[in-house]
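# Understanding the architecture of this molecule
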Amino acid sequence: VLVLSVVLAVGSVGYAVAVPTQGEQFTEFYLLTENTEQELVADNYPEEIERGTQAGVIVGIENNEYEAKNYTVVVQLQGVEQIGNQTNVTSRQELDRFRTTLAHNETYREQHSFTPTRTGTNLRVKYLLYDGGVPATPTSETAYRDLHLWIDVVEAN
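This write-up is about the structure you can find in this document. (Residues numbered from 1 in each chain as written. Predicted model: local features only at pLDDT ≥ 70, side-chain atom pairs only at ≥ 80, totals over all residues. Heavy atoms only, no water.)

## Structural notes on the overall build of the protein chain
When its secondary structure is counted, the protein chain shows 1 helix and 9 strands. What you see in the protein chain, going N to C, is helices and strands ordered as α-β-β-β-β-β-β-β-β-β. Expected size for 157 residues packed as a compact globule is a radius of gyration near 15 Å; at 22 Å, the protein chain overshoots this value by more than 25%. Taken over the C-alpha atoms alone, the protein chain extends approximately 85 × 40 × 30 Å along its principal axes. Counting across all 157 residues of the protein chain, residues that qualify as buried make up 32%. Put simply, 71% of the contacts in the protein chain that link residues at least 6 apart link residues at least 24 apart. Total accessible area on the protein chain stands at roughly 9600 Å², and carbon and sulfur atoms take up 48% of it. The protein chain carries 10 positive and 22 negative side-chain charges, and their two centres are separated by 8 Å. (Helix = DSSP H or I, 4+ residues; strand = E, 2+ residues; numbered from the N terminus. Rg over C-alpha atoms; globule rule 2.2 N^0.38 Å. Buried < 20%, exposed > 50% of the residue type's maximum accessible area, 1.4 Å probe, protein only. Contact = heavy atoms within 4.5 Å. Areas by Shrake-Rupley, 256 points an atom, 1.4 Å probe, with all protein chains shown as cover. Lys, Arg positive; Asp, Glu negative; His and termini not counted. Charge placed at Lys NZ, Arg CZ, Asp CG, Glu CD.)

Take a look at the structure:
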């Protein structure tokens, strides 16, 4: 019984070393800008933009899913109304769409520019991340991850 216990213990330790446990699976999705020292920061996002003028952010995706993934990002300009604690989308316009394939533990960053075509206050630039296919009408509810910026778009002087 003692020999059997030792063999079982050595086998268990060998298995634990040879087959490490898989950690949490997730995808990081974030927006960054560059500060005056050209460092990437999660700050100083565009807030007021003239209609027809480009604004930009850096879109980041990091795959920690333990397998290769095909990601698609859909960028929308959304008109919204807020009633109490609820935000309802009243209009949406697709501004851009781009794709990337990432292996496990790989990071993708892209300088992304967008050009609002309508004016308004409290407009939302929505970044929707999809893992795989994109439905006919992309929304926050169908996205794997989503991010947004609040902007005011004014007429050019």
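Additional details are given in the paragraphs that follow.
## Some details on the pairing of strand S6 (residues 86-102)
Remember that side chains alternate between the two faces of the sheet whenever the strand is regular. The sheet contact formed by strand S5 (residues 69-83) and S6 spans 15 bridges and is antiparallel. Across the sheet, Gln82 pairs through a bridge with Thr87, a residue of S6. Following S5, the chain reverses through 2 residues before pairing antiparallel with S6; Gly84 in that reversal takes a positive phi of roughly 65 degrees. (Pairing = 2+ DSSP bridges.)

## Describing the side chain of Glu65
Assignment of secondary structure puts Glu65 in the loop between strand S4 (55-64) and S5. Of the side chains with opposite charge, Lys69 comes closest to the buried, unpaired Glu65, at an N-O distance of 5.0 Å. The residues touching Glu65, leaving out its near neighbours within four places in the chain, are Gln25, Phe26, Thr27, Tyr71, His104 and Tyr144. (Salt bridge = Lys/Arg side-chain N within 4 Å of Asp/Glu carboxyl O.)

## Things to note about the nonpolar core
One finds Ile61, Val73, Phe114, Val125, Tyr127 and Ile151 to be the most contacted residues of the largest nonpolar core, which totals 22 residues. Counting residues per element, the ones that place at least two in this core are strand S1 (26-34), S4, S5, S6, strand S7 (107-114), strand S8 (120-131) and strand S9 (145-154). Those residues in contact with Tyr127 that sit more than four places away from it in its chain are Phe29, Leu31, Val57, Val59, Val73, Val74, Val75, His112, Phe114, Arg145, Asp146 and Leu147. (Core = buried A, V, L, I, M, F, W, Y, C linked by side-chain atoms within 4.5 Å.)

## Thoughts on unusual backbone geometry
A positive phi angle, near 60 degrees, is found at Asn44, a position not held by glycine. Among the secondary structure elements, Asn44 is positioned in the loop between strand S2 (40-41) and strand S3 (48-50). Look at Asn122: it is not a glycine, yet its phi comes out positive at around 50 degrees. Relative to the elements of secondary structure, Asn122 occurs in strand S8. Note on Asn122: relative accessible area 46%, which makes it partly exposed.

## Focus on the sheet that holds S8
As a general point, the strands of a sheet are linked pairwise by backbone hydrogen bonds and lie either parallel or antiparallel. In spatial order, the strands read S3-S9-S8-S5-S6; together these 5 strands make up an open sheet with mixed pairing. In this open sheet, the two strands that pair with only one neighbour each are S3 and S6. The sheet shows a mean angle of 30 degrees between the axes of neighbouring strands, direction not considered. Of the strand pairs in this sheet, S3 and S9 are connected by 3 bridges, and their pairing is parallel. Across the sheet, Ile49 pairs through a bridge with Val153, a residue of S9. (Axes fitted to C-alpha atoms, helices over the stretch in contact; angles between N-to-C directions.)

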